[in-house]
Amino acid sequence: MATTARIGIGSPLSRVDGIAKVTGQARYAAEHKPKDMLYGFIVSGAIAKGRITGIDDRKARGVPGVVEIVTHENRPRTAWLDRSHQDQLGPPGSTFRPLYDDKILFSGQPVALVLADTFEAARHAATLVNVAYEAEAHNTDFDKAVAERYMPSKKRDNYIAPKKRGDPEKALAKAPLKVESQFHLAVEHHNPMEMHATTIEWMDDGSITVHDKTQGSQNTQAYLSSAFGISASKIRVLNPYIGGGFGSGLRPQYHVYLAMLAATMMERSVRVVMTRQQMFTHVHRPAAEQRVTLGAEMDGRLTAIVNEATTSTSRYEDNMENVVTWGLMNYACPNASGDYAVAAMDTATSGDMRAPGAATGMTLFEMAIDEMAEAARLDPLAFRLLNYSEDDAMNGTPFTSKALREAFAEGAEAFGWAERKAEPRQMREGRELVGWGVATGMWDALFSKTSAGAKLSANGDLEVSSAGSDIGTGTYTVMTQIATDTLGLSPERITARLGDSDLPTSPVEGGSWGAASTGAAVQMACQSIAAKLLKAAGKVDGKPLGSAGIDDVEFVDGHIVSKTNPAASVSFTDAMRAAGLNSIEAEETATGGISGMISQMRKSRNTHSAIFAEVKVDEELGVVRVTRIVCAVAAGRIINPKTARSQILGGVVMGIGMALHEETMMDTKLGRFMNHNLAEYHVPANADIDAIDVIFVDEPDPEVTPLGVKGLGEIGIVGTAGAVANAIWHATGKRVRSLPITIDKLQD
Amino acid sequence: MNRFSYARPSDVADAVREGRPGDVRYLAGGTNLVDLMKENVERPARIVDINRLPLHDIDDLPDGGLRLGALATNADTAWDKRVEERYPLLASAILAGASPQLRNAATNGGNLNQRTRCYYFYDTATPCNKREPGSGCGAIGGVNRIHAILGASAACIATHPSDMCVALAALDATVRVTGAQGERAIPIADYHRLPGAEPQWDNTLAPGELVTAIDLPNERFTEHYTYLKLRDRLSYAFALVSVAVAMRVEEGRITQARIALGGVAHKPWRVPNAESVLHGETPSQNAFLAAAHAITEGAHGHGENDFKVGLVRKAIVRALAQAAAGTPQSQTDKRVA
C-alpha cells in the first residue's frame, strides 16, 4: 500500500474555496436574485442628534418603479421589548432599532428605506425623500467626551478589569527614571471589500431565507427571530462567502434589519446593500486616548506601570474593550495598575475591529515602553528582555506556553537587529533617515464551544460542516485538512460546508477562535466516523483487521490499515457495504472538557509576537516608507503555514495602515464623519507595502486548545503600528504619539 | 442618480448642438462624472456621450508642438513616445495620478474638468457653495487638511485635484474648445479660475463649450524638469501638495524656471513674477528658497491644513533641486529623489 505523504495538518494546502472566489462562482449576499425581488435603498440621516419632524416622500413615490417607502411612521410592528432587539454580541445598553421612532442618535442613521422594482429607481427616489429635522446640541468631539469619561455600571461580557498589584503611585514617586506620555488613536472603519448586504428570499410557504453578510449566521438568525417575533425555525441565514469582515459583521448591522422589515411588510423578497459611504455609518474602532506612566530603576528594570485609557462609544450602548490589561500582563513589574473608562458621543456604537482592545492598548503601550527604553539608555529589545515576564504578570498565572523570547530571537536574527545604532538619527541613506523599531504583540488564544458534523458517503466522499463562517481566514481549508488528517482521505474527496444556520451550532466567527474551535469539533466528528467505520469493518468476511481497536489502526487513502500488519486493511467502501450502510454520519461538540475548564482558570492562554520594522523617512519632507517588517509569531501549532502566513501578512498591512494612514475624520460641528469613501479614507496601497517576513516560532502547546492551535486572525495587527512608530522615532528623533502618523505630524 | 436623456453624436458640431440646452454634461471616460452622479452631486438632465467624436488622437503640430486629443486617454498620452520624449514632465505628472485602471479610462479633456475632492462637495447632507451656491462652506472651520492655502475665498477653499493640469500649467499649454460661438483657444493659466464669490464655476468654459484638444508648445523641457507629489500614502491618493518644474540651465545659470503647484489652490498655481527671481541665478538652496517664498506669498491655512504652507515650500525647494540637477522624480520608485 502506498503511504502518501500526509497533506493534513501542517501542510500548506491552497485555499479550497480559492478557485470559486477568483472565478466568480462564489456568490455573496448581494448576488442572489430571487423572483419578484424588490430593491431597497437606504436613506441616511443628515444630523447627529435630534428628531425627525417630517418626511415628505411625495416626489420619491412619484418615481416610476417605486413600490413603497418605509419610515418610522408606516413601518410594521416589531418586538417592543428592548431586549428582544439585542444580539449575542451587543454590549450593555439599548440596541439601535432602525426606523423605530423619530429620534436621531447619530449622523448617517437610516431614516427611510425606498423599495422599488429596480435598483436605479430606488437609488434615485432615495435622493428625493425630504426629511425635516429639529436638531439638538450634539457632541462628537472625543477630547470633550473624555472629560466626562465613565465606567459603565453594567460591564460588557468579555470585559476584564485590570488587576492592581503593589503600590504603583509610591513606586513612581521613588523611581529614578520616569516616563509619562499620552497617546491617541483615531477612529478607524473596517472597510471590508464587500459592503454589508442582505438578500431576503420570501418563500411561498412563509419561511424566509436570508443571504447576509455576517460573521455569524446563527447570531443573525436569533436576532431576526427575536426582533421580528418569527420562529427561528422559519428563518434560515446563509453566509457561505464573506468578502472580509474584520469585525464589522460580528453584530447584525442595520441593513439586515431593514431588509427583514421590508420583506415582512411587503411579503416579498428584498435586497438591501449599503453604499460604501453608508459603511461609515455604523461600527468602527473607537477613538482612544491612553496615558502611560512608567517608573524604572536606573538599570532599566520596571518598577511601576500606570496604564490609563478611554475609548469612545455611543450614547445608547457602552462598548468596552480590554485596552489596559495587555501591558500589565506582559511586563514583569512589581507595581502596576490600570484604569479604563468609556466616553460617550453622538455617534453609532463603536465595536470590535481586528484585535479589539489589543490593537489599541498594546500598540500604544509599546510606544511608551520604547520611550522608557530610551530613558534607560537601553536597546529597546534588550529593555523588553530585561523586563520579560515568564508568567501572566497581571493575573499571576503561568501561560500554557509563551515562546515570545524565541520570537524576539528569531525575529531579531532575521531582521539583523544587532546592527542597530543605539541613538536616533544615526542611520541614513542619502536624504532619508533610516530607523528600526520593535514592538511586542499579544492576543488571546480563545476557544469557543463549537459543533461540527461529518458525513461519509458510500463512495468515500466526506462532508464536514459547521454553522460558522470563513471570513476569508481559511476556515474551509483548515476543516478540510483536519478531516484529511483524521480520516486519511485526499482533500479532493472532502467538502467543507460553512455559513448556514441549519448546520451544527457555532459561535460568531471572530476573536481568532475559529481554527482552534471549529477545527477541534471537525476532528471529533471525524474521529466518531472513524470509530463507526472500524465497527463496520468488523462485519467484513474474515475480519481482516481481527479485533484491532481504534489505536491499533490508521486511516490511509480510504482504507483502515492495521498498524502492526500493513497488509491487513479494509477499504471504507467494503466496511460500509458489509455493514449495510449507505452513509455514516456524526455530530460532535468541542467544549474543551472539564480539564480544559480547570486549565482555563489556572493558566493564561495567549499568542505573542515580536515585530521589527524598518522605516525610511525623507529628512526634509517627512515622507515615510515602511521598507521592511519582520513579524515573528508564537501561536502554538500552525495547521496551514500558507493561510497562516496570509493571515499575518494581512494583519501587518492593516497595522501599517494604523501606523500611517487610517483615520476617519470627524466634523465636530456637523457631528459627521467626512472622509467616508475609499478615495479619502486611506488604507495602504501596494506602493506602501514592501518586504514583510513572517516567522512562526516553534511553540508546542497541547494544553491551550484541543488541537494545540492558538489562532492567527488578530495577532498580526497587534503592536505593528507601535514598531513602525518606534522606528520613526529612531529615524527622526521625534516621538509622534498620535496615530496615524501622517506627514503633517512630521513637519518641524 | 437622476433620470437623464442621452445622446451619442459622432462629430463635434453635433455634440456642441446637443450640448446647448441647459443642464447638460459631456461624458467622456466617466471616471469622475459617473461617481458624482451616483453621489447625487451631479444631476444633469442630459448626457452627451462624446466618446465617438474623432478626438482620440495625438498629433504633431506644424510648429513642432503636440496636440493631445481631448479623448486620448491619460494612459495613452503618458505612454505616447512623443510625449515621453518631448514632454516628459507631462508624462510624469499623469503617471503620478490615480491608478492604471483609472488612467486607462480617464481622458485628457476629462482630467481638465474633474471636480474637487473636497469632502463637503461630495456629501449632499453638508453645506457647500460649490455644489449648492449660497449653502455655505463646510470646510472652513471643518475638516480641511486637504484644502487650499492660496487664492481661496470666504466662499470656498476647495482645490483642483489634477496632477496633469499642474504639468500643463508649467508647460504653458493651450486648451482648445468649441462652442456655439465657434472655436477658441484658452491659455491654461486662464482655463481654471479662483473661487471668489462663485465657486460653482471651476473654469472659464462657457455653458455648452466642449474641450477638443490640448496644445503643447514647442518648448521642450526634456532635461531639467520634475513632478514631485506628496500625499497621504505613496500611491493612489490626491496630492496634498505637488510641484511641477520646467527649467532651462545654461552655463550653470538658470535662464528659465517655471513652477506650478498642485493641491494648494482652486487651480494650478503659478506666479510668473516669482519665477523670475531665479533667472540668472546659479542653482542653490537659497535661490530655491527665495523662489518658494515668492510663489507662496500670502499662503495661509485654515487650521488642519496649516502644515501645507511649510510643506509646499520644502517641496518647491526639493523639486527645483531635482530639476536643476536633471534628476527628475521617478513615479515608480517611491523614494523622493
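All residue numbers refer to position in the chain's written sequence, counted from 1. Here the convention is simple: chains get letters from A, ligands get numbers from 1, in the order in which they are written. Side-chain atom pairs in this predicted model are given and counted only at pLDDT of 80 or more, local residue features only at pLDDT of at least 70, and totals for whole chains, interfaces and linings cover all residues.

**Some thoughts on the overall build of chain B**
Think of it this way: any DSSP run of H or I at least four residues long counts as a helix, any run of E at least two long counts as a strand, and we number them from the N terminus. Within chain B, the secondary structure is distributed over 13 helices and eleven strands. Only C-alpha atoms enter the radius of gyration; for comparison, a globular chain is expected to reach 2.2 Å times N to the power 0.38, where N is the number of residues. A compact globule built from 337 residues would reach a C-alpha radius of gyration of about 20 Å, and chain B, at 19 Å, matches this within 12%. Along the first, second and third principal axes, the C-alpha atoms of chain B reach 60 × 50 × 35 Å. Three classes are used. A residue is buried when 20 or more other C-beta atoms lie within 10 Å of its own, exposed when 12 or fewer do, and partly exposed in between, with C-beta atoms placed from the backbone. Taking all 337 residues of chain B together, the buried fraction comes to 54%. Contact between two residues is assigned whenever their backbone-derived C-beta positions fall within 7 Å. When contacts within chain B are restricted to residue pairs at least 6 apart in sequence, those whose partners lie at least 24 apart make up 64%.

**Things to note about the overall build of chain A**
The helix and strand tally for chain A stands at 17 helices and 31 strands. Whereas a compact globule of 748 residues would reach a radius of gyration of roughly 27 Å, chain A reaches 27 Å, a difference of no more than 12%. Along the longest, intermediate and shortest principal axes, the C-alpha atoms of chain A span 85 × 70 × 50 Å. Every one of the 748 residues in chain A was classed for burial, and the buried ones make up 59%. Restricting the contact set of chain A to residue pairs at least 6 apart, pairs at least 24 apart contribute 83%.

**Description of the sheet that holds strand S21 (residues 494-497) of chain A**
Residue and element names in this part refer to chain A. DSSP calls a pair of strands paired once it identifies at least 2 bridges connecting them. The four strands are arranged S21-S20-S19-S25 in an open sheet whose pairing can be described as mixed. The open sheet is flanked by S21 and strand S25 (583-590), the only strands paired with a single partner. Each adjacent strand pair in this sheet contributes to an overall mean axis angle of 15°, direction not counted. Taken together, the eight bridges between strand S19 (residues 450-457) and S25 define a ladder with antiparallel strand orientation. Note on S25: the bridge partner recorded for Lys-455 is Glu-585. Working convention: axes come from line fits to C-alpha atoms, limited for helices to the stretch in contact. Angles between N-to-C directions cover 0 to 180 degrees. Running over the sheet, helix H12 (residues 475-487) touches strand S20 (462-465) and S21 and is turned about 135° from S21. Against the sheet, helix H13 (residues 514-537) contacts S19, S20 and S25, and its axis sits at roughly 140° relative to S25.

**Observations concerning the environment of Arg67(B)**
All names here are of chain B. Tracing the chain through its elements places Arg-67 in strand S5 (residues 66-69). Distance from Arg-67 to Leu-216, taken between C-alpha atoms, is 6.2 Å for residues 149 residues apart in sequence. When neighbours within four sequence positions are excluded, Arg-67 is seen to be in contact with Ile-58, Asp-59, Leu-61, Ala-213 and Asp-215.

**Thoughts on the interface of chain B and chain A**
Counting residues at the interface gives 31 residues for chain B and 32 residues for chain A. Sorting elements by how many residues they give to the side of chain B that touches chain A places helix H13 (residues 307-325) of chain B first, with six residues. Of the residues assigned to the side of chain B that touches chain A, the class counts are 13 nonpolar, eight polar and ten charged. Residue polarity is assigned by list, with Asp, Glu, Lys and Arg as charged and Ala, Val, Leu, Ile, Met, Phe, Trp, Tyr, Cys and Pro as nonpolar; anything else, Gly included, falls into the polar class.

**Looking at the domain arrangement of chain B**
An automatic or database domain assignment is the source of the domain bounds shown. Here chain B is partitioned into domain 1 (5-51) and domain 2 (224-325). With centres defined by C-alpha atoms, the gap from domain 1 of chain B to domain 2 of chain B works out at 36 Å.

**Thoughts on the domain arrangement of chain A**
Residue and element names in this part refer to chain A. Segmentation of chain A into domains returns domain 1 (32-137 + 194-245 + 249-280), domain 2 (168-188 + 284-446 + 601-746) and domain 3 (448-591). Computed from C-alpha atoms alone, the centre-to-centre distance between domain 1 and domain 2 is 37 Å. Of the residues lining the interface, 18 residues belong to domain 1; the matching set on domain 2 comes to 20 residues. Here the side of domain 1 that touches domain 2 is built from residues that sort into eight nonpolar, seven polar and three charged.

**Concerning the nonpolar core**
The nonpolar core criterion groups buried Ala, Val, Leu, Ile, Met, Phe, Trp, Tyr and Cys residues into a set whenever they are joined through C-beta atoms within 7 Å. With 331 residues, the main nonpolar core has Val114(A), Val633(A), Val724(A), Leu89(B), Ala244(B), Val245(B) and Ile316(B) as its most contacted residues. With 13 residues, H13(A) is the single largest residue contributor to this core. In contact with Val724(A), not counting residues within four places along its chain, are Gly437(A), Ala613(A), Val615(A), Val626(A), Ile656(A), Ala659(A) and Leu660(A).

**A few points about H12(A)**
All names here are of chain A. Relative to the 18 Å expected for 13 residues at 1.5 Å per residue, H12 spans 18 Å between its end C-alpha atoms, a close match to the ideal helical length. Burial within H12 is extensive, with 13 of its 13 residues counted as buried. At the C-terminal side of H12, Gly-488 shows a positive phi close to 65°. A helix is expected to span 1.5 Å for every residue after the first.

**Description of the pairing of S21(A)**
Residues and elements named next belong to chain A. Alternating positions in S21 separate cleanly, Ile-494 and Ala-496 being buried on one face and Thr-495 and Arg-497 remaining unburied on the opposite face. Where S20 meets S21, four bridges bridge the pair, whose relative direction is parallel. In the sheet register, Ser-465 faces S21, and the bridge partner there is Arg-497. Crossovers are described as right-handed under a simple rule: with the strands pointing away from the observer, the path leading from the first strand over the helix to the second runs clockwise. One crossover worth recording links S20 to the parallel S21 by way of H12, and it is right-handed.

**Looking at the sheet that holds strand S22 (residues 553-556) of chain A**
Residue and element names in this part refer to chain A. Read across the sheet, three strands follow the order S22-S23-S24 without closing on themselves; strand pairing throughout is antiparallel. Looking at strand neighbours, the two that pair on one side only are S22 and strand S24 (569-571), the edges of this open sheet. Averaged over all pairs of adjacent strands, the angle between strand axes in this sheet comes to 20°, irrespective of strand direction. As defined by bridge partners, S22 adjoins strand S23 (residues 559-562) across four bridges and the pair is classed as antiparallel. Bridging across to S23, Val-556 finds its partner in His-559. Strand contacts of H13: S22, S23 and S24, with the helix running at about 75° to S23, the strand carrying the most contacts.

**Side note on the confidence of the model for chain B**
For chain B, mean pLDDT is 97; residues scoring 70 or higher make up 100% of the total. Both confidence scores are given for the complex: pTM 0.97, ipTM 0.97. On a range of 0 to 100, pLDDT expresses the predictor's confidence in each residue.

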